[in-house]
Amino acid sequence: MTAKDPRDPADPDDLADLTFRRPNESDHPRVVDVIDDWWGDRRMRHLLPRLWFELFSGTSWIVERPDGGLAGFVIAFLSQDDPATGYVHMIAAEPNLRRRGLGRSLYERAFADLGARGATRVRAVTWPGNRTSIAFHRALGFRVDDGPGTQRLYGTPAHPDHDGPDEDRVVFSRDL
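### Quick notes on the nonpolar core
For step 1, the next point in the chain: Counting residues in hydrophobic clusters, the biggest one holds 30 residues, and the most contacted among them are V88, L102, L106, Y107 and F142.
For step 2, the next point in the chain: Elements that contribute at least two residues to this core include exactly β2 (61-64), β3 (70-78), β4 (85-93), α3 (102-116), β5 (121-126) and β9 (170-175).
For step 3, the next point in the chain: Sort the elements by how many residues they give to this core and α3 lands first, with six residues.
For step 4, the next point in the chain: If we skip the residues at most four places from it in the chain, F142 touches Y107, F111, V122, A124, H137, F172, S173 and R174.
For step 5, the next point in the chain: Core analysis: the next-biggest nonpolar cluster, separate from the first, contains 17 residues, V32, I35, F77 and Y87 among them.

So, in structure tokens, the structure goes:
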């Protein structure tokens, strides 16, 4: 028998023991407790205040292991100003569960939720130095905005100071 290459996408059955559900306010502390660690010790918790769990649960998901431990999450919403646009604010999978299709499955659920509410496209952003995130989004069919105002940062078209001074971002969009 040949060992499976860990870089190969996992069989969808690998996710069979995970539970997908809507987040609620009580999930906030457990998510912010792991978020910085899941992002390689980058300070991220300030980007996820409790309001995301209070007001956006209808387009967001939590994933749990059989023991109830957190396996992943996606926080998404429909734009109030442009109802044809959905936005994924944050998505994460527990590092030991990556490359198994969990992130794709979370995005597919968000796409379905947003599409059912009238969205025809989804946007997301990432830091231009996060090559893993850029490759992941591209593999899901997201396009990188390379239009006016972008510069090549870390080898990728990005918007300098997009989220404030020194907060550069790659801006993605994907049609549903």
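### Focus on the sheet that holds β2
Strand pairing in a sheet relies on backbone hydrogen bonds, with the paired strands running either antiparallel or parallel.
For step 1, the next point in the chain: Taken together, the seven strands give an open sheet; going across it, the order is β1-β2-β3-β4-β5-β9-β6, and neighbouring strands pair in mixed fashion. The sheet is open, and its two edges are formed by β1 (19-21) and β6 (143-144), each paired on a single side.
For step 2, the next point in the chain: Note: β6 against β9, two bridges, orientation antiparallel. What sits directly across from V144, in β9, is F172.
For step 3, the next point in the chain: Contacts from helix α1 (residues 28-38) reach β1, β2, β3 and β4, with the element oriented near 100° to β3.
For step 4, the next point in the chain: Strands β1, β2, β3, β4, β5 and β9 of the sheet are contacted by α3, whose axis makes an angle of about 30° with β3.

### Quick look at the pattern of salt bridges
Two side chains that carry opposite charge are able to pair once their charged atoms sit near each other.
For step 1, the next point in the chain: Per the counting criterion, the structure on display carries 13 salt bridges.
For step 2, the next point in the chain: Salt-bridge contacts for D113 lead to R22; the nearest nitrogen and oxygen are separated by 2.6 Å. Here the residue D113 occupies a position in helix α3, and R22 occupies one in the loop between β1 and α1, the gap between them amounting to 91 residues.
For step 3, the next point in the chain: You can call R22 partly exposed: its relative accessible area is 31%.
For step 4, the next point in the chain: Close ionic contact of D175 with R143 constitutes a salt bridge, the shortest N to O distance being 3.8 Å. Of this pair, D175 sits in strand β9 while R143 sits in strand β6; the two residues are 32 residues apart in sequence, bridging distant segments of the chain.
For step 5, the next point in the chain: According to the relative accessible area criterion, D175 is partly exposed, its value standing at 47%.
For step 6, the next point in the chain: Judged by its relative accessible area of 42%, R143 is partly exposed.

### Things to note about the layout of surface pockets
A probe as big as a water molecule, rolled over the atoms, marks out the empty space that is left.
For step 1, the next point in the chain: Considered as a void within the structure, the largest pocket measures approximately 1,300 Å³ in volume.
For step 2, the next point in the chain: Residue lining of the largest pocket: 43 residues in total, with I91, N130, S133, F136 and H137 positioned closest to the centre.
For step 3, the next point in the chain: If you list the elements that add at least two residues to the lining of the largest pocket, you get β4, α3, β5 and α4 (131-139).

### Points about the side chain of T85
For step 1, the next point in the chain: Turning to its location among the elements, T85 is positioned in strand β4.
For step 2, the next point in the chain: Overall, the relative accessible area of 8% leaves T85 in the buried class.
For step 3, the next point in the chain: At 3.0 Å, the side chain of T85 and the side chain of R121 are in polar contact.
For step 4, the next point in the chain: Discounting residues that sit within four places of it in the chain, T85 has contacts with L78, S79, A119, R121 and R123.

### Some words on the pairing of β3
The side chains of a regular strand alternate, first on one face of the sheet and then on the other.
For step 1, the next point in the chain: The buried count for β3 comes to nine of nine residues, which makes it a mostly enclosed element.
For step 2, the next point in the chain: Linking two consecutive strands that pair antiparallel, namely β2 and β3, is a turn of five residues; a positive phi of about 90° is found at G68 within it.
For step 3, the next point in the chain: Across seven bridges, the pairing between β3 and β4 is antiparallel. Within β4, the residue paired with L78 across the bridge is G86.
For step 4, the next point in the chain: Connecting β3 to the antiparallel partner β4 that follows it, the hairpin turn spans six residues.

Rules used in this analysis
- Throughout this document, residue positions are counted from 1 along each chain, in the order its sequence is written.
- Owing to the predicted nature of the model, reporting of local features is limited to residues with pLDDT of at least 70; listing and counting of side-chain atom pairs is limited to 80 or more, with chain, interface and lining totals taken over all residues.
- The side-chain numbers reported here are obtained from all heavy atoms of the structure, hydrogens and water having been left aside.
- Here, nonpolar core refers to any group of buried Ala, Val, Leu, Ile, Met, Phe, Trp, Tyr and Cys residues whose side-chain atoms link them within 4.5 Å.
- Residue exposure (1.4 Å probe, protein chains only): buried if accessible area is under 20% of the type maximum, exposed if over 50%, otherwise partly exposed.
- Strands here mean DSSP runs of E at least two residues long; helices mean DSSP runs of H or I at least four residues long; both are numbered from the N terminus.
- By definition, residues are in contact when any of their heavy atoms lie within 4.5 Å.
- A pair of strands is treated as paired once DSSP finds two or more bridges between them.
- Geometry is summarised by axes, namely lines fitted to C-alpha atoms with helices restricted to the contacting stretch, and by angles between N-to-C directions that run from 0 to 180 degrees.
- Within this document, salt bridges are pairs made up of a side-chain nitrogen of Lys or Arg and a carboxyl oxygen of Asp or Glu, the two lying within 4 Å of each other.
- Space inside and on the surface of the protein is sampled on a 1 Å grid over the protein atoms alone, with a cavity defined as a set of points where a 1.4 Å probe fits but cannot get out and a pocket as an open set with protein on both sides within 12 Å along at least 5 of 7 lines; lining residues have an atom within 4 Å of a point.
- Grid points are joined across faces, edges and corners, and a volume is the space filled by probe spheres set on the points.
- Under this definition, polar contacts are N or O atom pairs within 3.5 Å; protein pairs additionally need one hydrogen-donor-capable and one acceptor-capable atom, and for neighbouring residues in sequence, both atoms have to be side-chain atoms.

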